[in-house]
Amino acid sequence: MSNVITIHPFRILIAARLIRASPPNQLLWSMKELVMQNSPVSYRPVRAAVANHLLRLRNRHYALIDFLIFAVTPLLALSLRIDNLETFARYGQALLLYGLMALLIRMAIFHYFGMYQRYWRFVSASDFAQLCVATLLALVITVIVVTVGKVAAPALFNLPRSIPLLDAMLVLLLSGGMRASVRLTENLRTLESSFSSEPRQKPQRTLLVGAGYTGAMLAREIRDNTQIHLQPVGFIDDDRTKHGMQIHNIPVLGGCDQLPTLIQTHAIRRLIIAMPSADGAAIRAIVAIGQQAGVAVQTMPGVHELINGNVSINRLRNVQIEDLLRRTPIETNIGAVSNLLAGKRVLVTGGGGSIGSELCRQILRCRPRQLILVGHGENSVFEIFHELRRWLAVESAADAQPVATELIPVIADLRFRERLFGLFAEHRPEIVFHAAAHKHVPLMEANPVEAITNNVLGTRLLLAAAQAHQVERVVMISTDKAVNPTNVMGASKRVAELLVLQAARQSGRFYQVVRFGNVLGSRGSVIHTFKRQIADGGPVMVTHPDMVRYFMTIPEAVQLVLQAAVVGRGAEILMLDMGDPVRIVDLARDLIELSGLQPGRDIEVAFSGLRPGEKLFEEMFKPDEVHQRTEHEKIFIAANAGQALPSCFDMVVDALIAAALNNDSTTVIRLLSELLPEYQPWPTHSVNSNSSGPTPVPLTTYPPAAQPLKPPNRPTILKLNGAVGD
């Protein structure tokens, strides 16, 4: 009786409840504890010895075991097929011939499929799929050989026709079962060692929002990793066909409309949003429910951040403002972009900046022959160069065809003609992405000559070098502030746009402009300012309660820039669809809430007044630019933009650059006004006594935050708290 395992009836009731209600990690812990407490001492060494022998198996041992299995399964198959020994005896010669032939075929096929080059302690579904394919292929070859043999020598191949099929099934069962037992032993041993080495910690009850691929991957990782103290109670998904089903033994409890009720009934303490493709509206709704219920909310990054497709619990993070502004994933023609860039010499100006560095990251994935990173700031170029080198090393180690791109970091100032022409003569770029520019509005208002020398002179010299060295394609990144500009930065970028359009008409090559609005996370983004003010305890300073801006994440903007590079015919302006504009005050309040604070209670929101050069809203196109959607739904094109060049354009640009080089700010503003009739200088720049520039609104005239204004002639405004206003 000492070797009999006895379990008290009360423990059986506990086990039944655990099986019905517990998650996998919790269940395995409790069942292990239940059995081990009632196991005889003599049983444990035997179990440990068997486990150790299984885990010590090497590939040569698997080959030997497979050899024995392949030798025995024909005999077992025949014994299953026939009923008596007398009939069995007359198949002896045929069975011996078939067994030898099947043995050789299977050993060769298994070796070809790498069955003896795998670490079976961590076998995966892919490994088992390969095992099934190898077994099936061996079966097909065996059947073909047996069929031919029956025709050539019927007496030597007189086995029943079902023997090869039964034999293959037994091989798959025994060989696959042996490998599966090794993986199961490894899982149980890991689970046991983790429980014995650490004090038990109560897992946090969690709902996974999204029962797709990402949710399933996270659930499996949580199940397999006992260091993750989370208890997945269930999935939430709006796909009603999944309701009531189970994924990795975790039920799909309902849709997002049931989320508040499920949080209460299941005592949930954490929500994990496992929907990388969800738009900002869906994320905001889930975050709002989580905040009302007082539970923590985490999310997986969006698809633009998961370019490599890796889904891991390590990628989980708190919800950020970028998630609330996330939009439906954009379908891009990756093949067309790759065909454009693969094997080419590509040069990126401003390669160390926010947009330029992301351009380099995405271009590198298209495998150009050379990627030339041009920048003026040595530190930023150094950082992106070494980041890309590390990426190349990882990809080359993992890929059968190493990435052969040559990275060339270049420190250069575009305002020096000889340096620029020498750079183009040395590296002969075929495609140029021009992202270098001064973009800070108030700073450029205070330093107009710097805006002209960098944004206008630099662009002019770049285009001259590109034309002189027959560059096939130039794409300049512009801004929505170039449309009806009220600041020097926007006006200088508008002049740069006209320079690109002029070069396209003169050369007949594919030179074009891509405009877009603000990007989240860029160095000059207001997000960084707001976060710093929140960290300092406030107040968060907003210029005007009715100011709105278009926003886009950096990876999304760059993805569309690359897509725009294969759209159109040149001498055009393309504008990215920026979605709905966002109220800056809503952005500030939402950032405060994401920090775990309450606007007006913990952190105040104050209004400082418009800064020089700012306006309440931005526009995408000028009134005289006839725009339409391209074949890509997120890209607009103004095909007539190249016709907007004034007759005296070159002469005025020459004078503008000369005035900037002479540090003559007054003349710079006057010439910008002459060159761009739509430009309305800020009143601090006195052009003449009849200046019609915008009048800054004093702070005292601003309405309180509780009384929102309606901006003139604006589209629907996106409210970050989930509401939509006009």
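Some remarks on the overall build of the protein chain
Here is step 1 of the chain: Within the protein chain, the secondary structure is distributed over 24 helices and 24 strands.
Here is step 2 of the chain: Scored against the burial criterion, the 726 residues of the protein chain give a buried share of 50%.
Here is step 3 of the chain: When contacts within the protein chain are restricted to residue pairs at least 6 apart in sequence, long-range pairs at least 24 apart make up 77% of them.
Here is step 4 of the chain: Accessible surface computed for the protein chain: about 34,500 Å², of which carbon and sulfur atoms make up 56%.

Regarding helix α13 (residues 334–341)
Here is step 1 of the chain: Buried residues of α13: Val337, Leu340 and Leu341, and no others. Looking down the long axis of α13, one finds its buried residues gathered within 85° of arc, a one-sided arrangement.
Here is step 2 of the chain: The elements touched by buried residues of α13 are β8 (345–349), α14 (354–364), β11 (431–434), β12 (473–479) and α21 (554–564).
Here is step 3 of the chain: Looking at the residues trailing α13, positive phi occurs at glycine 343, about 75°.

Overview of the sheet that holds strand β10 (residues 406–411)
Here is step 1 of the chain: The strand order across the open sheet formed by nine strands is β10-β9-β8-β11-β12-β13-β18-β22-β21, and the pairing between neighbours is mixed. Of all the strands in the sheet, the pair left with one neighbour each is β10 and β21 (627–629). Averaged over all adjacent pairs, the angle separating strand axes in this sheet is 20°, with direction ignored.
Here is step 2 of the chain: In the sheet, β21 pairs with strand β22 (residues 635–638) via three bridges, with the strands oriented antiparallel. If you follow arginine 629 over to β22, its bridge partner there is phenylalanine 636.
Here is step 3 of the chain: Of the strands in this sheet, β12, β13 (510–516) and β18 (573–576) touch helix α19 (residues 488–507), which is tilted by about 160° from β12.

Things to note about the sheet that holds strand β3 (residues 246–247)
Each strand in a sheet pairs with its neighbour through backbone hydrogen bonds, running either in the same direction (parallel) or in the opposite one (antiparallel).
Here is step 1 of the chain: An order of β3-β4-β2-β1-β5-β6-β7 is seen for the seven strands of this open sheet, with the pairing classed as mixed. Two strands close off the open sheet at either side, each with one partner strand: β3 and β7 (317–318).
Here is step 2 of the chain: With two bridges joining them, strand β2 (residues 230–236) and strand β4 (residues 250–254) adopt parallel strand pairing. Within the sheet, the bridge partner assigned to isoleucine 236 lies in β4 and is glycine 254.
Here is step 3 of the chain: Along the sheet, helix α9 (residues 213–224) makes contact with β1 (204–209), β2, β3, β4 and β5 (270–273), crossing β2 at roughly 160°.
Here is step 4 of the chain: Against the sheet, helix α11 (residues 280–293) touches β1, β5 and β6 (296–299), its axis set at about 175° to β5.

Structural notes on the nonpolar core
Within soluble globular proteins, side chains that are nonpolar tend to cluster in buried spots.
Here is step 1 of the chain: One finds Leu341, Leu359, Leu371, Phe433 and Phe516 to be the most contacted residues of the largest nonpolar core, which totals 105 residues.
Here is step 2 of the chain: For this core, the element with the highest residue contribution is α19, accounting for 11 residues.
Here is step 3 of the chain: The residues contacting leucine 359, other than those within four sequence positions of it, are Val348, Phe433, Ala435, Ile477, Val558, Val561 and Leu562.
Here is step 4 of the chain: In this structure, Cys256, Ile273, Ile283 and Val540 belong to the second largest nonpolar core, which totals 42 residues.

Here we look at unusual backbone geometry
Here is step 1 of the chain: A cis geometry characterises the amide bond from glycine 538 onward to proline 539, with omega recorded as 0°.
Here is step 2 of the chain: Mapped onto the elements of the fold, proline 539 is located in the loop between α20 (526–535) and β15 (540–542).
Here is step 3 of the chain: Despite not being glycine, histidine 248 shows a phi value in the positive range, around 55°.
Here is step 4 of the chain: Relative to the assigned elements, histidine 248 resides in the loop between β3 and β4.

Observations concerning the packing of helix α16 (residues 417–427) against helix α18 (residues 448–468)
Here is step 1 of the chain: Two elements in contact, α16 and α18, have axes whose closest approach is 9 Å; the angle formed by their N-to-C orientations is 35°. Crossing of α16 against α18: the hand is right-handed. In this structure, α16 uses Arg417, Leu420, Phe421 and Phe424 to contact α18, whose residues at the interface are Leu461, Leu462, Ala464, Ala465, Ala466 and Ala468.

Notes on a nonpolar patch on the surface
Here is step 1 of the chain: Residues Val72, Leu76, Leu173 and Leu174 make up a contiguous nonpolar surface patch of about 330 Å² in total accessible area.
Here is step 2 of the chain: Only α4 (59–81) and α8 (163–197) provide two or more residues apiece to the nonpolar patch.
Here is step 3 of the chain: When you line up the elements, leucine 174 lands in helix α8.
Here is step 4 of the chain: On the accessibility criterion, leucine 174 (37% relative accessible area) is partly exposed.

A few points about the packing of α18 against helix α23 (residues 649–661)
Here is step 1 of the chain: Two elements in contact, α18 and α23, have axes whose closest approach is 9 Å; the angle formed by their N-to-C orientations is 135°. Accordingly, the angle class assigned to the pair α18 and α23 is oblique. The handedness of the crossing between α18 and α23 is left-handed. Here α18 contributes Val449, Ile452, Thr453, Val456, Leu457 and Arg460 to the contact with α23, which in turn contributes Asp650, Val653, Asp654, Leu656, Ile657, Ala660 and Leu661.

Some thoughts on the pattern of salt bridges
Here is step 1 of the chain: The tally for this structure, following the rule as stated, stands at 21 salt bridges.
Here is step 2 of the chain: One salt bridge in this structure joins arginine 670 and glutamate 674, with 2.9 Å as the shortest N-O distance. Here arginine 670 pairs with glutamate 674, and both are found in helix α24 (residues 665–675), just four residues apart, close to one helical turn.
Here is step 3 of the chain: Looking at arginine 670, the relative accessible area reads 37%, which means it is partly exposed.

Thoughts on the pairing of β18
Here is step 1 of the chain: Of the two faces of β18, both are covered, the one formed by Ile573 and Met575 as well as the one formed by Leu574 and Leu576.
Here is step 2 of the chain: Strand direction decides the pairing type here: β13 and β18, joined by three bridges, are parallel. Note on β18: the bridge partner recorded for valine 514 is leucine 574.

Examining α18
Here is step 1 of the chain: With 21 residues, α18 should reach 30 Å at 1.5 Å per residue; the first-to-last C-alpha distance of 29 Å fits that figure.
Here is step 2 of the chain: Along its length, α18 shows its largest kink, about 25°, at leucine 457.
Here is step 3 of the chain: Burial of α18 is extensive: 16 of the 21 residues sit out of reach of the surface.
Here is step 4 of the chain: Of the residues one or two after α18, glutamine 470 is the one with positive phi, at around 55°.

Comments concerning the confidence of the model for the protein chain
Here is step 1 of the chain: When pLDDT is averaged along the protein chain, the result is 78, and 78% of the positions lie at 70 or above.
Here is step 2 of the chain: This model gives residues 1–43 a pLDDT under 50, and the stretch forms 39 contacts once residues within four places in sequence are excluded.
Here is step 3 of the chain: Within the model, the stretch residues 688–726 combines pLDDT values under 50 with 75 contacts to residues more than four positions away or in other chains.

Some remarks on the packing of aromatic side chains
Here is step 1 of the chain: Counted under the stated rule, the structure contains two aromatic pairs.
Here is step 2 of the chain: Ring plane angle 80° and centroid distance 5.2 Å describe the contact between phenylalanine 70 and phenylalanine 110, whose orientation is recorded as edge-to-face. Of this pair, phenylalanine 70 sits in helix α4 while phenylalanine 110 sits in helix α6 (residues 92–112), and the two are 40 residues apart along the sequence.
Here is step 3 of the chain: When the ring of tyrosine 112 is compared with that of phenylalanine 113, the centres are 5.6 Å apart and the planes differ by 80°; the resulting orientation is edge-to-face.
Here is step 4 of the chain: Judged by its relative accessible area of 68%, tyrosine 112 is exposed.
Here is step 5 of the chain: Its guanidinium or amino end placed over the ring of phenylalanine 70, arginine 106 lies 6.0 Å from that ring's centre, counting from NZ or CZ.
Here is step 6 of the chain: One residue, arginine 417, lies across the ring of phenylalanine 421, its end atom 4.1 Å from the ring centre.

Procedures and definitions
- Residues numbered from 1 in each chain as written.
- Predicted model: local features only at pLDDT ≥ 70, side-chain atom pairs only at ≥ 80, totals over all residues.
- Heavy atoms only, no water.
- Helix = DSSP H or I, 4+ residues; strand = E, 2+ residues; numbered from the N terminus.
- Buried < 20%, exposed > 50% of the residue type's maximum accessible area, 1.4 Å probe, protein only.
- Contact = heavy atoms within 4.5 Å.
- Areas by Shrake-Rupley, 256 points an atom, 1.4 Å probe, with all protein chains shown as cover.
- Arc of directions from axis to C-beta.
- Pairing = 2+ DSSP bridges.
- Axes fitted to C-alpha atoms, helices over the stretch in contact; angles between N-to-C directions.
- Core = buried A, V, L, I, M, F, W, Y, C linked by side-chain atoms within 4.5 Å.
- Left-handed = near helix turned anticlockwise from the far one by under 90°.
- Patch = residues over 30% accessible without salt bridge, like charges linked within 9 Å, V, L, I, M, F, W, Y side chains within 5 Å.
- Salt bridge = Lys/Arg side-chain N within 4 Å of Asp/Glu carboxyl O.
- Parallel < 35°, antiparallel > 145°, perpendicular 65-115°, else oblique.
- Expected span 1.5 Å × (residues − 1).
- Bend = angle between axes of the 7 residues up to and from the residue.
- pLDDT = per-residue confidence, 0-100.
- Phe/Tyr/Trp six-rings, centres within 6.5 Å; stacked < 30°, edge-to-face > 60°.
- Lys NZ or Arg CZ within 6 Å of the ring centre and 35° of its normal.

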